[in-house]
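# Breakdown of the fold
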Amino acid sequence: MGRILVGTASWTHRSLLESGWYPEDASTPAKRLAYYATRFPVAEVDATYYHPPSRSTAEAWRDRTPEGFTFDIKAFSLLTGHPTRPASLHKDVRESLGAPPRRNLYPKDVPPEIADEVWRRFLDALEPLHEAGKLGAVLFQFPPWFPIGESNRRYILECARRCAPMRVSVEFRNHTWMSGENREDTLAFLAGHDLAYVGVDMPQGHASSIPPVLAATSDLAVVRMHGHSDRWTSKNVDERFAYMYSEAELARWAARVRKLAEGTEVTHVLFNNCCADNSQRNATRFRVLLGESGERGDPGEPGGPGGSGGPDRAPGRRGGTGGQSGAGGPGEGRRAG
C-alpha cells in the first residue's frame, strides 16, 4: 500500500485565521505555515489560481517547510480556460496586450506568444519547489464548459507536456467526462498518459457535479473533499464550503482511500471544506481514522477522508515516477473551489 498524505486546501484564508485554530504566537505567514507543517504533511495552494506566484514566494514556501512536506499547486485560471482578471497578469504582460482589457480574459483573447509567456513564468516560479522535491502536482481543474472531446484531450496533453518534468493532476467539472458511457474511456486516457485523476466528493445535481469516483490512473492519486453545502452555487466562499463531515462520512471515505492507496505509491487527500477550521478539524480526524487501522503514510498524525465502495481500476495504467513532498506558504488568502 502506498503512502497517504492528508492536508487542506488552504492555510491562511480569513475565516480560518478568525477561527482560533492557530495559536496566538502564529501571528505571521511564516509562523502559520510552520505551525501548519507540524500538523499536516501536504497542503494545496489555491491562490495561484487567482494570480501567478512569484519565484520568491515559492522559495519562501520551500524554505519555511521541512523535508518530506508536499505542495499541490492549483494552475493559474488562464491556463485552464477560466475567466481571468487582467489585473492578475504580470504588469508588463498586461501592457503588452495594448489597451487595458475591460473584461475578464479567456485563452482566445490572448495571442499565442503572450500565452507562452504566461506559461513560462508560471512554471519558472514553481522551479524552487520542484528542485527541492516539494512539488507534488500542478492541479488542473477544468471548468464546466470543458466537455469531453478530442480537442480537449489534446489540450490536457499539452498541459502535461508544458509542465514536464513536473507532474499534473486533472480534475473535471463537466459531467460528460465521468458519465456512465464515457467513464472507462476517460480513465483509460489518463492512465495511458500517466496522468493522475482527481477524485472528488462534492454536491450532486449541479452542472459542475462529478460523481465521487476514485481511480488509480498513475502512481499518484488525488482526492479533493469539497463537502456538501446546500449553498454550493453561492459566490460567498464561506457559504459554498460551509460543511463539516460527520464521523460516519469520514469513516466511509477512509475505507475508500485505503483501497485506492493499494494501487498507488502516493495518495493526496485534500479537504476543501474551508470555512472556519472545518477542513483542519476534518483532516485531523481523517488522519486519526487511518492511523487506527494501523496506517502511517507520512510524518505527523495519520489520516484521510470518507465515502463508500472501492476505486475504479483504470485500464492501461502505467507506473509513474512517484510522489514528492512539500507544504504551504505565505499569502494564501483567496481560494477557489
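So, here is what we can say about the structure in this document.

Parameters and conventions
- Residues numbered from 1 in each chain as written.
- Predicted model: local features only at pLDDT ≥ 70, side-chain atom pairs only at ≥ 80, totals over all residues.
- Heavy atoms only, no water.
- Axes fitted to C-alpha atoms, helices over the stretch in contact; angles between N-to-C directions.
- Helix = DSSP H or I, 4+ residues; strand = E, 2+ residues; numbered from the N terminus.
- Parallel < 35°, antiparallel > 145°, perpendicular 65-115°, else oblique.
- Left-handed = near helix turned anticlockwise from the far one by under 90°.
- Contact = heavy atoms within 4.5 Å.
- Nonpolar A, V, L, I, M, F, W, Y, C, P; charged D, E, K, R; others polar.
- Phe/Tyr/Trp six-rings, centres within 6.5 Å; stacked < 30°, edge-to-face > 60°.
- Buried < 20%, exposed > 50% of the residue type's maximum accessible area, 1.4 Å probe, protein only.
- Lys NZ or Arg CZ within 6 Å of the ring centre and 35° of its normal.
- Pairing = 2+ DSSP bridges.
- Right-handed = clockwise from strand over helix to strand, strands pointing away.

### What to know about the packing of helix α6 (residues 112-131) against helix α7 (residues 150-163)
Relative orientation of the contacting elements α6 and α7 amounts to 50 degrees, with a least axis distance of 10 Å. Classed by the angle they form, the pair α6 and α7 counts as oblique. For the pair α6 and α7, the crossing hand works out as right-handed. Every residue of α7 that contacts α6 at D116, W119 and L123 is listed here: Y155, C159, R162 and C163. A breakdown of the residues in the contact of α6 with α7 according to their chemical character gives 5 nonpolar, no polar and 2 charged.

### Remarks on the packing of aromatic side chains
Overall, the coordinates contain 19 aromatic pairs when judged by the stated rule. Taken together, a centroid distance of 6.2 Å and an interplanar angle of 45 degrees make the contact between W11 and Y36 tilted. Taken together, the residues span a long stretch of sequence, with W11 in the loop between β1 (3-8) and α1 (14-19) and Y36 in helix α2 (residues 29-39) at a distance of 25 residues. Here Y36 falls in the buried class, since its relative accessible area comes to 0%. An angle of 75 degrees between the planes, with centres 4.8 Å apart, marks the rings of W21 and Y22 as edge-to-face. Take W21 and Y22: they sit in the same class, and that class is buried. Among the aromatic side chains, those forming a connected cluster through ring pairs are W11, W21, Y22, Y35, Y36, F40, W61, F69 and F71. Seen from the ring of Y49, K74 lies directly overhead, with NZ or CZ sitting 5.0 Å from the centre. In this arrangement the basic side chain of R256 is found over the ring face of W253, its NZ or CZ atom lying 4.7 Å from the centre.

### Topic: the pairing of strand β6 (residues 196-201)
For a regular strand, the rule is simple: side chains alternate between the two faces of the sheet. The buried count for β6 comes to 6 of 6 residues, which makes it a mostly enclosed element. Of the two faces of β6, both are covered, the one formed by A196, V198 and V200 as well as the one formed by Y197, G199 and D201. Where strand β5 (residues 168-171) meets β6, 2 bridges bridge the pair, whose relative direction is parallel. Looking at β6, one finds that V170 is bridged to Y197. Following the backbone out of β5, through helix α8 (residues 183-192) and into the adjacent parallel β6, one traces a crossover that is right-handed. Here 4 bridges tie β6 to strand β8 (residues 220-225), and the two strands are oriented parallel to one another.

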